4 protein chains.
Amino acid sequence: MDWEIFFTPYVQTVSELKVKLRGLRDQYEKNGEDSPIEFVTGRVKSQASIEEKIVRRHLDENRLSLDLQDIAGVRIMTKYVEDIYTVVDLLRQRTDFQILEERDYVTNAKPSGYRSYHIVIEYPVQMYSGELKVLAEIQVRTMAMNFWATVEHDLRYKHGELSDNLADRLTKLSESTFALDQELSEIRAVE
Amino acid sequence: MDWEIFFTPYVQTVSELKVKLRGLRDQYEKNGEDSPIEFVTGRVKSQASIEEKIVRRHLDENRLSLDLQDIAGVRIMTKYVEDIYTVVDLLRQRTDFQILEERDYVTNAKPSGYRSYHIVIEYPVQMYSGELKVLAEIQVRTMAMNFWATVEHDLRYKHGELSDNLADRLTKLSESTFALDQELSEIRAVE
Amino acid sequence: MDWEIFFTPYVQTVSELKVKLRGLRDQYEKNGEDSPIEFVTGRVKSQASIEEKIVRRHLDENRLSLDLQDIAGVRIMTKYVEDIYTVVDLLRQRTDFQILEERDYVTNAKPSGYRSYHIVIEYPVQMYSGELKVLAEIQVRTMAMNFWATVEHDLRYKHGELSDNLADRLTKLSESTFALDQELSEIRAVE
Amino acid sequence: MDWEIFFTPYVQTVSELKVKLRGLRDQYEKNGEDSPIEFVTGRVKSQASIEEKIVRRHLDENRLSLDLQDIAGVRIMTKYVEDIYTVVDLLRQRTDFQILEERDYVTNAKPSGYRSYHIVIEYPVQMYSGELKVLAEIQVRTMAMNFWATVEHDLRYKHGELSDNLADRLTKLSESTFALDQELSEIRAVE
């Protein structure tokens, strides 16, 4: 499998989505309005990570572009929980890609404590051989949720399987983190 | 007139087109194929230049987005004349914008000696208030044509109206420049 | 005062520092090592913000480059509190700028609850007229501290002077945020 | 040999030099002055190209960073021949790197017809393990010279060894190209 060629449309998709979504933020700024988008990051899933998934989930190499929805991934960070839904609405009204699926892990956190709003899109990317429809995942989360998800991913990555104790402490940490977001929402509502 | 807000969709359009067209070049490279695209530049027309046009051509400020087709401008440079038409075909097959007009100043140079292939497109840019259709101009030219157009623009800009003598020498220079492109085409055909 | 010319060396300084500090992160990644740097942002202080400071602090326009240390500002975010000091050591060993001052608001939070490690540097930037020494501020903080500082800044900006109640709730929020960082440090120490 | 690690300081050097030299161009623009720099490109020599040189020139893998001066390469394009020397003077006055060697292939073209001004520098790049001095090559050339060098490189690369006939036609093409630059210098001198 020629990974460099395989990755090409995903690299392109992530580049385009980053420019597009960061542009939204700039538009708010230039209009002197609050942006619901604080910052945007993006990445293409690593070859190592895809190969690990192929083994673990018995994937067919020829169906990767269908079976893996997050080879191209973009993340939008917001200041407040409410902003997440504003961003989701912004994404729904766009005509440059199609939303295939939404999963609200903000309201319904995963058992680990993970919170984010996930949107799977079909993005038409123009290759020199013609248009190609690529799956991509957009994650929308507050900065606090991003803090937790980043350190949890780091610890999980370093320790392989997490001990029950560590997993438990991280889940509690997630609850405390989300409490900050909720306290913030209250503060804003009062003011 | 709030120029910063006026320019916002054009700045965004140029950013997106640059990422998209540079991406095409990378695709060729990763596939180990010759790219007809050598490099891509882009710019938004300056406020001074638009204001000058408003005066000179008696334009209505409220119709600028219709009357000026090159507020957003992207330029694609190729090595060989033949590559220009390959690039034009690539642009015609894209589904992310619509071509409104094509003008072939490569085969039919302007009296000044200017050569380039011009394509006016309607580009749908996603603003936070919804989709906006923006006019943009894509110029496709060889590196030799770009050399001439750049120095001609520089001299014209510095001297205001060109003297007949200077204009004449520049037109001759354009012919010599195009002769290089033609000699190159011959060399490639023989080899 | 021609602000565009005034800002030129600061814009350049921020661009260079971002490329340099983001490069550090990439170096760790390519060597397969944990990076103490999670992400880097940068900005040049806005003209409005400088003008406000000139009025409030009775600054002399001709001494701005000496009196304001944070016209050029770069921010480094880490996952863990410990990483802050690793980054500070990295900055101390660099030979491409000189550290003038360090202020540790991580250990000694400001009364508001603000935490970050501040470093003022003298950065030699090469202008076409020769070398210019520019003051710049590098802030190093955890993602959790960055979360708090961002929302605090946003609320303060929107409300002008904060009410005692809001200020109080934000200070408490800072304590809860820092508790997350400390809990994380404990978790890592145990594992 | 771990090429990714080997390339790290060179990738960083090229990124920094591009930001620095493009910044120079912006400075001229913001000051409303003509920039002698038209555009800047950069690249790190490919692994394939280095491996080919190791074989052809019997290089020692452990001495590559000393024996190859152009692993990191940056190119500055100017409009006019005179601008080349203005840029060289700009580079000589910089304090962020040291010039080791200059070769003027503008006045003294190579037998092939190649023209450019080459400067080998020692650039101090800050790695997380400390400062590293890296060799890099800066090429300064007019847009016309760049046109010729680009197509010559392309044809040479495609045909391997050039036939005498092709080499000869390309050398003649170089002379015609340089004649354009000289005609331009005359035009400017008259006006």
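Residues numbered from 1 in each chain as written. Chains lettered and ligands numbered in written order. Predicted model: local features only at pLDDT ≥ 70, side-chain atom pairs only at ≥ 80, totals over all residues. Heavy atoms only, no water.

1. Side note on the overall build of chain A
Next up, step 1: Scanning chain A from N- to C-terminus turns up six helices and five strands.
Next up, step 2: Compactness check: chain A gives a C-alpha radius of gyration of 18 Å against a globular reference of 16 Å for 191 residues, within 12% of the reference.
Next up, step 3: Out of the 191 residues in chain A, the part that is buried amounts to 53%.
Next up, step 4: Accessible surface for chain A amounts to roughly 8,600 Å². Of this, 47% is attributable to carbon and sulfur atoms.
Next up, step 5: Averaging the coordinates of the 25 positive side-chain charges in chain A and doing the same for the 34 negative ones gives two points 2 Å apart. (Helix = DSSP H or I, 4+ residues; strand = E, 2+ residues; numbered from the N terminus. Rg over C-alpha atoms; globule rule 2.2 N^0.38 Å. Buried < 20%, exposed > 50% of the residue type's maximum accessible area, 1.4 Å probe, protein only. Areas by Shrake-Rupley, 256 points an atom, 1.4 Å probe, with all protein chains shown as cover. Lys, Arg positive; Asp, Glu negative; His and termini not counted. Charge placed at Lys NZ, Arg CZ, Asp CG, Glu CD.)

2. Some thoughts on the sheet that holds strand β1 (residues 39–44) of chain C
Residue and element names in this part refer to chain C.
Next up, step 1: The strand order across the open sheet built from five strands is β1-β2-β5-β4-β3, with neighbouring strands paired in mixed fashion. Of all the strands in the sheet, just β1 and β3 (98–104) have a single pairing partner and so form its edges. Taken over all neighbouring pairs, the strand axes of this sheet differ in orientation by 25° on average, direction set aside.
Next up, step 2: Sheet topology note: the strand β4 (residues 117–127)/strand β5 (residues 130–142) ladder contains eleven bridges and is antiparallel. For Tyr 123, the partnering residue across the bridge sits in β5 and is Val 134.
Next up, step 3: Most of the contacts of helix α1 (residues 3–30) go to β1, to which it runs at about 180°, and overall it touches β1, β2 (72–78), β4 and β5. (Pairing = 2+ DSSP bridges. Axes fitted to C-alpha atoms, helices over the stretch in contact; angles between N-to-C directions. Contact = heavy atoms within 4.5 Å.)

3. Considerations on the environment of C:Leu90
Next up, step 1: Assignment of secondary structure puts C:Leu90 in helix α4 (residues 81–93).
Next up, step 2: Residues C:Leu90 and C:Met143, 53 residues apart in the sequence, show an inter-C-alpha distance of 19 Å.
Next up, step 3: Not counting the four nearest positions on each side in its chain, C:Leu90 is found in contact with C:Leu24, C:Tyr28, C:Pro36 and D:Tyr128.

4. What about the interface of chain A and chain B?
Next up, step 1: At the interface, 28 residues of chain A touch 28 residues of chain B.
Next up, step 2: Both sides of the chain A and chain B interface together cover about 2,600 Å² of buried area, and 54% of this is carbon and sulfur.
Next up, step 3: Among the residues of chain A in contact with chain B, A:Lys30, A:Gln126 and A:Tyr128 are the three that bury the most area, contributing 32% of the side total.
Next up, step 4: Put simply, chain A and chain B have zero salt bridges between them.
Next up, step 5: Inspection of the chain A/chain B interface yields twelve residue pairs in polar contact (both at pLDDT 80 or more).
Next up, step 6: Looking at the side of chain A that touches chain B, the elements with two or more residues in it are α1 (3–30), α4 (81–93), β4 (117–127) and β5 (130–142) of chain A.
Next up, step 7: It is α1(A) that provides the largest number of residues to the side of chain A that touches chain B, a total of 14 residues. (Buried area = accessible area lost by both parts, 1.4 Å probe. Salt bridge = Lys/Arg side-chain N within 4 Å of Asp/Glu carboxyl O. Polar contact = N/O pair within 3.5 Å; in protein donor to acceptor, adjacent residues only side chain to side chain.)

5. Overview of the relation of the copies chain A and chain B
Next up, step 1: Superposing chain A onto chain B takes a rotation of 180° combined with a translation of 0.0 Å along the rotation axis, leaving an RMSD of 0.0 Å. Here the copies are linked by what is in effect a two-fold axis. No C-alpha of chain A approaches the rotation axis more nearly than that of A:Glu16, which lies at 3.3 Å.
Next up, step 2: Of all interface residues in chain A, 100% are interface residues in chain B too; the two copies therefore contact each other through one and the same surface. (Least-squares fit on C-alpha atoms with pLDDT ≥ 70 in both.)

6. What about the arrangement of the chains?
Next up, step 1: In this assembly chain B lies apart from chain C, the nearest approach of their C-alpha atoms being 15 Å.
Next up, step 2: With no contact between them, chain A and chain D keep their nearest C-alpha atoms 15 Å apart.

7. Let's talk about the interface of chain A and chain C
Next up, step 1: Across the boundary between the two partners, chain A contributes 31 residues, which contact 31 residues of chain C.
Next up, step 2: Together, the buried faces of chain A and chain C total about 2,900 Å²; carbon and sulfur atoms form 68% of this surface.
Next up, step 3: Applying the counting criterion to the chain A and chain C interface returns six salt bridges.
Next up, step 4: In this structure, A:Arg169 and C:Glu186 form a salt bridge, with 3.3 Å as the shortest nitrogen-oxygen distance.
Next up, step 5: Inspection of the chain A/chain C interface yields eight residue pairs in polar contact (both at pLDDT 80 or more).
Next up, step 6: Every element with two or more residues in the side of chain A that touches chain C is listed here: α5 (143–159) and α6 (164–190) of chain A.
Next up, step 7: By residue class, the composition of the side of chain A that touches chain C is 14 nonpolar, six polar and eleven charged. (Nonpolar A, V, L, I, M, F, W, Y, C, P; charged D, E, K, R; others polar.)

8. Focus: the relation of the copies chain A and chain C
Next up, step 1: Turning chain A through 180° and shifting it by 0.0 Å along the axis lays it on chain C, with an RMSD of 0.0 Å.
Next up, step 2: Of the residues that chain A buries at the interface, 100% are likewise interface residues in chain C, meaning the two copies contact each other through the same surface.

9. Concerning the pattern of salt bridges
Next up, step 1: Tallying each qualifying case throughout the model produces 77 salt bridges over all chains.
Next up, step 2: Linking A:Asp96 and A:Lys20 is a salt bridge whose minimum nitrogen-to-oxygen distance equals 3.0 Å. Of the two residues, A:Asp96 sits in the loop between α4 and β3 (98–104) while A:Lys20 sits in helix α1, which places them 76 residues apart along the sequence. Pair check on accessibility: A:Asp96 and A:Lys20 agree, each one buried.
Next up, step 3: For B:Arg169, the salt bridge goes to D:Glu183, with nearest N and O atoms at 3.2 Å.

10. Description of helix α2 (residues 47–56) of chain B
Residue and element names in this part refer to chain B.
Next up, step 1: Residues of α2 that are buried: Ile 50, Lys 53 and Ile 54. For α2, the buried positions fall inside an angular range of 105° around the axis, keeping them on one side. Within α2, the exposed residues directed more than 90 degrees away from the buried face are Ala 48, Val 55 and Arg 56.
Next up, step 2: Where α2 is buried, its residues meet α1 (3–30) and α3 (64–67).
Next up, step 3: Phi for His 58, located one or two positions after α2, is positive at around 50°. (Arc of directions from axis to C-beta.)

11. Remarks on helix α6 (residues 164–190) of chain D
Next up, step 1: The end-to-end C-alpha distance of α6(D), which contains 27 residues, comes to 39 Å, matching closely the 39 Å that a straight helix rising 1.5 Å per residue would cover.
Next up, step 2: Considered for burial, the residues of α6(D) that qualify are D:Leu166, D:Leu170, D:Leu173, D:Ser174, D:Thr177, D:Phe178, D:Leu180, D:Asp181, D:Leu184, D:Ser185 and D:Ile187.
Next up, step 3: Packed against the buried residues of α6(D) are α5 (143–159) and α6 (164–190) of chain B together with α4 (81–93), β5 (130–142) and α5 (143–159) of chain D. (Expected span 1.5 Å × (residues − 1).)

12. As for unusual backbone geometry
Next up, step 1: The phi angle at B:His58 is positive, at roughly 50°, despite the residue not being glycine.
Next up, step 2: Mapped onto the elements, B:His58 comes out in the loop between α2 and α3.

13. Quick look at the pairing of strand β4 (residues 117–127) of chain B
Residue and element names in this part refer to chain B.
Next up, step 1: A large share of β4 lies buried, amounting to nine of its eleven residues.
Next up, step 2: Of the pairings in the sheet, the one linking strand β3 (residues 98–104) to β4 comprises six bridges and is antiparallel in character. Considered in β4, the bridge of Glu 101 is made with Val 120.

14. Observations regarding the sheet that holds strand β1 (residues 39–44) of chain B
Adjacent strands of a sheet pair through backbone hydrogen bonds, lying either parallel or antiparallel.
Residues and elements named next belong to chain B.
Next up, step 1: One open sheet holds the five strands; their spatial order is β1-β2-β5-β4-β3, and the pairing between them is mixed. One side of each edge strand has no neighbouring strand; the edge strands of this open sheet are β1 and β3. Recorded for the sheet is a direction-independent mean angle of 25° between the axes of neighbouring strands.
Next up, step 2: Sheet topology places strand β2 (residues 72–78) next to strand β5 (residues 130–142); seven bridges connect them, and they run parallel. Looking across to β5, one finds that Gly 73 is bridged to Glu 137.

15. Observations concerning the UniProt feature "domain: RelA/SpoT" (unreviewed entry) in chain A
Next up, step 1: In the numbering used here, UniProt assigns the feature "domain: RelA/SpoT" (unreviewed entry) to residues 42–163 of chain A.
Next up, step 2: What you have in residues 42–163 of chain A is 36% helix and 34% strand, and the ends, taken at the C-alpha atoms, are 30 Å apart. (UniProt positions renumbered as here; feature names shortened; annotations may be inferred.)

16. Observations concerning the side chain of D:Glu16
Next up, step 1: Inspection of the secondary structure assignment puts D:Glu16 in helix α1 (residues 3–30).
Next up, step 2: No salt bridge forms around the buried D:Glu16; measuring N to O, its nearest opposite-charge neighbour C:Lys20 is 4.4 Å away.

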